[in-house]
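Spelled out from the first residue to the last, the chains are:
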Amino acid sequence: MPFGPVQHLAGTVRGPKPHNEPVRDYQPGSTEALELGKELTRVAGQTRDIPIVINGVEVQGRPTSEIRSPHNHANVLGNLAVAEQSDVRSAIDAAMVARHDWSRTPWWDRLSVFLRAAELVSGKYRDELNATTMQGQSKTFHQAEIDSACELADYLRFNCFWAAEIFSDQPASIGGEWNYADQRGLEGFVLALTPFNFTAIAGNLPATAAMMGNTVVWKPSEKSALSSDVVRRVFEEAGIPPGVINTVHGSGRMISDIAAADDRLAGLSFTGSTTVFRQLWHKVADNIDHYRSYPRLVGETGGKNAVVAHPSADPSALLTGLVRGAFEYQGQKCSAASRAYIPRSLWHAIKEPLIELVEALPVGDVTEHETFLGAVIDQEAYQRLDDAIKRANALDSHTLIAGGRTASEEGWFVHPTVFQTEDPRAFTMTEEFFGPLLTVFVYDDSDWNTVLELVDSTGFYGLSASIYATDRTAIAEALGQLRDAAGYVAVNDKPAGAVIGQQAFGGGRASGTNDKVGSPLALQRWVSGRFIKENLNPATSWRYPYMGS
Ligand code: NAD
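Residues numbered from 1 in each chain as written. Predicted model: local features only at pLDDT ≥ 70, side-chain atom pairs only at ≥ 80, totals over all residues. Heavy atoms only, no water.

Novice: When you look at the site of the ligand in this model, what are you seeing that I'm missing?
Specialist: Near the ligand there are 28 residues, and of these Thr-194, Lys-219, Ser-273, Thr-301 and Glu-432 occur at the shortest range. In this structure, Glu-432 approaches the ligand through a side-chain N or O atom, which is 2.7 Å from an oxygen atom. Coverage of the ligand by the protein amounts to 90% of the 840 Å² it exposes when considered alone. At the level of elements, helix 8 (252-261), strand 10 (265-271) and helix 9 (274-286) are the ones that each hand at least two residues to the shell around the ligand. Split into classes, the residues belonging to the shell around the ligand amount to 11 nonpolar, 11 polar and 6 charged. (Near = heavy atom within 4 Å. Polar contact = N/O pair within 3.5 Å; in protein donor to acceptor, adjacent residues only side chain to side chain. Areas by Shrake-Rupley, 256 points an atom, 1.4 Å probe, with all protein chains shown as cover. Helix = DSSP H or I, 4+ residues; strand = E, 2+ residues; numbered from the N terminus. Nonpolar A, V, L, I, M, F, W, Y, C, P; charged D, E, K, R; others polar.)

Following this line, the structure appears as structure tokens:
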């Protein structure tokens, strides 16, 4: 297929109808588990060099930092090249050079790259993506599969479909005019800064900006660089032209300093912590007088997600939602449950089973099938959680009811931990710890409406929430009172686990700009529309009829 700004079609193109990638089970002994097992061994046994790639060329001779496995930190899985300031400038220049042709390439040619990438993700590279995500980010078979294989393929396929709809959506034309929309990529480059906790998000942020006609400087998280490098190779093999996505590793602070100071910055696509997003917003604000255009700022950030149960809730459903919601992927999901509000009558029924369940959750090496929780991502996360547990333990208002143990000899293990608190405004109910730490506040059954007000007004975040109830009026009351408290609400389900194409995810307040990454709304942020009116019957007199002849 010709690449670049070459018109080679007569006819209207439609995006292929997307589907959600089926999730593989990886039952012990199954062919798929054995194949992935081989790949896990291969990935664990190698030390891969992870390069900076600018304009399609690997940059040589940079210092490196080690990538270690969180659940086995003696194992060095890779050496990550660390960028110098000049690399960031070269990456921006490369993006700006590539922009001319890429932004003028027919959109279906651009999208074909990402549709091909989706096939590579769900096929040829599936095992490598899952194995690097498991070894490098300590995800279990299931958690890796739903992220790096399924969600990444879903993002690519659904976004291509929605992008095609955006490009095809044309205005009405009435008598004597022809109106058309030209959805242009932004005028400049996009900086994509991605988090460690989802391989899919890491791939999606640079991909969405690029499919809409932009060229990108992508800084993946150093904590997930192993899987991000597989994503980079997937894009390359799928045919992304040099300079369209430039991958730069190193200090996020340094890279964003240089990008924010460049007058060609057109957009920032960020997912990560609230603190870092606010710093980035400040940097852009400080440079606002210098930009050629107003940079689009998209940030999906932290959460302190509540599970609120009504006395009518089904106790088994609530138990499952708490355990899965709080402890899957060690609580390292922006959408993880980390505070719960349980009525006293229900607490009597679920407290002991909850303790029993949590104490029995298998923690360990994610390559073992029975493991439910692996290690937290690194020493810093381990220390943060260890400190939080110690701080909570020291408070009279808190009772440790399950877990509370940490172990760092082999990997960064934090056992799933539950505190009960008498103080619903305590730090454990407001701060994001990004780990397997759940705090429960038990309320009197008659205080349902007061507790909803408490959930809404506690802390600064507004990402996700769960409501557990069988009483329809209670569900309506909770949805009403929590209207501004979360951008994603699950009724009788855990607050995590939104699926692309089914529930768009994102939140407001301190949790981000709520642009719903993984939806048509988010794609719209990466284009700047130009509308063209062609007058087929131009006026030839300046006089209007009301003026008479
Ligand atoms: P992080 O903020 O530490 O890092 C995100 C990215 O920013 C990384 O690439 C990192 O290297 C870079 N970075 C770090 N410090 C920087 C700085 N000072 N200046 C510029 N860049 C910097 O986040 P993380 O630990 O990778 O991810 C966890 C956070 O992400 C949590 O707060 C979680 O809630 C949030 N998250 C939110 C969503 C969502 O959809 N709302 C999804 C996933 C993760």
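Novice: Is there a simple way to explain the sheet that holds strand 1 (residues 48-50) in this structure?
Specialist: Each strand in a sheet pairs with another by means of backbone hydrogen bonds, the pair being arranged parallel or else antiparallel. Taken in spatial order, the 3 strands line up as 1-5-4 in an open sheet, and their pairing is mixed. Strand pairing shows two members of the sheet lacking a second neighbour, strand 1 and strand 4 (64-69), which therefore form its edges. Averaged over neighbouring strand pairs, the angle between their axes works out to 40 degrees when direction is ignored. This element, helix 7 (residues 225-238), spans strand 1, strand 4 and strand 5 (72-81) of the sheet and lies at about 70 degrees to strand 1. (Pairing = 2+ DSSP bridges. Axes fitted to C-alpha atoms, helices over the stretch in contact; angles between N-to-C directions. Contact = heavy atoms within 4.5 Å.)

Novice: What am I meant to see in the sheet that holds strand 13 (residues 337-343) here?
Specialist: Strands sit in the order 14-17-18-13-12-20-21 across an open sheet of 7 strands; the sheet is mixed. Every interior strand has two partners, whereas the edge strands, strand 14 (398-402) and strand 21 (488-491), have only one. Each strand of the sheet is rotated relative to its neighbour by a mean of 20 degrees, with strand direction disregarded. Sitting on the sheet, helix 11 (residues 344-360) is in contact with strand 12 (305-309), strand 13, strand 14, strand 17 (417-421) and strand 18 (437-443), with an inclination near 140 degrees to strand 13.

Novice: Please explain the domain arrangement of the protein chain as it appears in this structure.
Specialist: Many analyses report the size of an interface as the accessible area lost when the parts associate. Its domain assignment divides the protein chain into domain 1 (30-301 + 512-528) and domain 2 (305-491). Taking only C-alpha atoms into account, the centre of domain 1 sits 31 Å from that of domain 2. Taken together, the contact between domain 1 and domain 2 spans 23 residues of the former and 29 residues of the latter. Here domain 1 packs against domain 2, burying approximately 2,100 Å² in sum over the two surfaces, 61% of which is carbon and sulfur. Where domain 1 meets domain 2, there are 0 salt bridges. In this assembly, domain 1 and domain 2 are joined by 9 residue pairs in polar contact (both at pLDDT 80 or more). Elements that contribute at least two residues to the side of domain 1 that touches domain 2 include exactly helix 1 (31-44), strand 5, helix 4 (126-137) and helix 5 (141-168). (Domains from an automatic or database assignment. Buried area = accessible area lost by both parts, 1.4 Å probe. Salt bridge = Lys/Arg side-chain N within 4 Å of Asp/Glu carboxyl O.)

Novice: What am I meant to see in a nonpolar patch on the surface here?
Specialist: A cluster of nonpolar side chains, namely Trp-542, Tyr-544, Tyr-546 and Met-547, defines an oily patch on the protein surface of about 590 Å² accessible area. Note on placement: Trp-542 falls in the segment after strand 23 (527-535). (Patch = residues over 30% accessible without salt bridge, like charges linked within 9 Å, V, L, I, M, F, W, Y side chains within 5 Å.)

Novice: How do you make sense of helix 4 when you look at a structure like this?
Specialist: The terminal C-alpha atoms of helix 4, which comprises 12 residues, lie 16 Å apart, in line with the 16 Å expected from a rise of 1.5 Å per residue. Among the 12 residues of helix 4, 12 are classified as buried, and the element is accordingly described as predominantly covered. Buried within helix 4 we find Arg-126, Asp-127, Glu-128, Leu-129, Asn-130, Ala-131, Thr-132, Thr-133, Met-134, Gln-135, Gly-136 and Gln-137. One or two positions beyond helix 4, positive phi appears at Ser-138, with a value near 60 degrees. (Expected span 1.5 Å × (residues − 1). Buried < 20%, exposed > 50% of the residue type's maximum accessible area, 1.4 Å probe, protein only.)

Novice: Which parts of the structure should I look at to understand the pattern of salt bridges?
Specialist: For side chains of opposite charge, pairing can occur when their charged atoms come near one another. Under the defined criterion, the tally for this structure stands at 31 salt bridges. A salt bridge links Arg-233 to Asp-229, with the nearest nitrogen and oxygen atoms 3.4 Å apart. A residue pair is termed a helical-turn pair when its members lie 3 or 4 positions apart in one helix, as Arg-233 and Asp-229 do in helix 7 at 4 residues. The exposure classification of Arg-233 matches that of Asp-229, with both residues buried. Linking Asp-456 and Arg-509 is a salt bridge whose minimum nitrogen-to-oxygen distance equals 2.9 Å. Here the residue Asp-456 occupies a position in helix 14 (residues 448-457), and Arg-509 occupies one in strand 22 (residues 508-509), the gap between them amounting to 53 residues.

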